[in-house]
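Letter by letter, the chains look like this.
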Amino acid sequence: AFCAALTLAAGLASLRGQPTEEPRVLLHGSIAAVEPATGTLWLAKGRPQVSRAALTAAEESAPITIEVALRMRDLDGLRARIAQGEQIPMAERDAKYFPPEEAHAAAKAWLAAQGLEVTHEFTNRLSLFARGSVKEVAAALRVRFARVSDGRGEVTSAVTAPSVPASLAPQLLGIDGLQPHVRLRHHVRERPASLANNNPPYTPAQIAKAYNADTLGLNGSGQTIAIVLDEVPTDSDLTAFWSLTGVPQSLGNLQKIAVNG
């Protein structure tokens, strides 16, 4: 009966010359829950809450950047092959696993049609970055913004889930960047003064010994290890760490890569 009603409504709209709007799908996983404005209780527990529901004109016109993440094809199959130790050529990954070109093009065209500027895209088509005002993003994604506080400050963040056209939704994993208050937290701020006892932080030599790897004669020769960090370490921090922990390493063995571009 519901489907029949929708069909009848669409038919009547068509007869009246009114364009029919494509159904929308909510992307619930794109935002984290925000508590309503209830005082300081939630902030004391480290939970973000709405500090002001209405935005000012300046806050609505402020720019915001979002990331539209596209869904890979046969991700389970790719993971299974990697688990077997396969090294899959880039051309094969592009043909079989990365998001299809038509999905990427459709997402890009839709963002542009909403008045948002596509500022960054990648050859693997895994995501698109787009920029617009808070008001424009709110209208495009049918999302509500408010001022949100998490005890570290107040920012403009989304408090409802975004939605996209039903034809586009199956190709997307979600929309990132709608909640600036969701950011990395540094859990460890200080290190113990001593590295000689059995307390953290442990030195590389202590870790190797704990895993009975200190007598294997391995030194990492011929190996490349990628470490993903939220910040690029300074050369002075690296050399100080090596000196403190007795690691025979040099800056010439490192390559720093800024992954955002």
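These notes cover the structure that comes with them. All of these numbers come straight from a predicted model, not from anything done at the bench. (Residues numbered from 1 in each chain as written. Predicted model: local features only at pLDDT ≥ 70, side-chain atom pairs only at ≥ 80, totals over all residues. Heavy atoms only, no water.)

Some details on helix α6 (residues 101-113)
Part 1: Taking 1.5 Å as the rise per residue, α6 with 13 residues should run 18 Å; its terminal C-alpha atoms sit 18 Å apart, in good agreement.
Part 2: Of all the positions in α6, only Ala103, His104, Ala107, Trp110 and Leu111 are classed as buried. End-on, the buried residues of α6 take up no more than an arc of 130 degrees, which puts them together on one face. Facing away from the buried side of α6 by over 90 degrees, the exposed positions are Glu102 and Ala113.
Part 3: The first or second residue beyond α6 is glycine 115, which carries a positive phi of 85 degrees. (Helix = DSSP H or I, 4+ residues; strand = E, 2+ residues; numbered from the N terminus. Expected span 1.5 Å × (residues − 1). Buried < 20%, exposed > 50% of the residue type's maximum accessible area, 1.4 Å probe, protein only. Arc of directions from axis to C-beta.)

Here's the deal with the sheet that holds strand β2 (residues 49-52)
Part 1: With respect to topology, three strands assemble into an open sheet ordered β2-β6-β7, the strand pairing being antiparallel. Looking at the sheet topology across the chains shown, the edges are occupied by β2 and β7 (154-158). Neighbour to neighbour, the strand axes of the sheet diverge by 55 degrees on average, direction disregarded.
Part 2: Of the pairings in the sheet, the one linking β2 to strand β6 (residues 145-149) comprises three bridges and is antiparallel in character. Bridge pairing links arginine 52 to arginine 147 in β6. (Pairing = 2+ DSSP bridges. Axes fitted to C-alpha atoms, helices over the stretch in contact; angles between N-to-C directions.)

Quick notes on the nonpolar core
Part 1: Counting residues in each nonpolar core, the largest one holds 29 residues, and the members touching the most others are Ile66, Val137, Leu141, Phe145 and Leu178.
Part 2: Among the elements of the structure, β3 (63-70), α6, β5 (127-133), α7 (134-141) and β9 (172-176) are those that each provide at least two residues to this core.
Part 3: Broken down by element, this core gets its largest block of residues, five residues, from α7.
Part 4: Those residues in contact with isoleucine 66 that sit more than four places away from it in its chain are Leu116, Leu128, Phe129, Ala130, Val137, Leu141, Ile175, Asp176 and Leu178. (Core = buried A, V, L, I, M, F, W, Y, C linked by side-chain atoms within 4.5 Å. Contact = heavy atoms within 4.5 Å.)

Considerations on the sheet that holds strand β4 (residues 117-121)
Part 1: Pairing in this open sheet of four strands is antiparallel, and the strands run β4-β5-β3-β9 from one edge to the other. Looking along the sheet, the strands with just one partner apiece sit at the ends: β4 and β9. For this sheet the average axis-to-axis angle between neighbouring strands, irrespective of direction, equals 25 degrees.
Part 2: Contacts from α6 reach β3, β4, β5 and β9 within the one sheet, and its direction differs from that of β5 by about 5 degrees.
Part 3: Packing of α7 onto the sheet brings it into contact with β3, β5 and β9, and relative to β5 it is tilted by some 120 degrees.

Digging into unusual backbone geometry
Part 1: A positive phi is found at arginine 142, a non-glycine position, where the angle reads about 55 degrees.
Part 2: With respect to the secondary-structure elements, arginine 142 resides in the loop between α7 and β6.
Part 3: Notably, asparagine 212 is not glycine yet its phi reads approximately 55 degrees, a positive angle.
Part 4: Mapping asparagine 212 onto the fold places it in the loop between α8 (204-210) and α9 (235-245).

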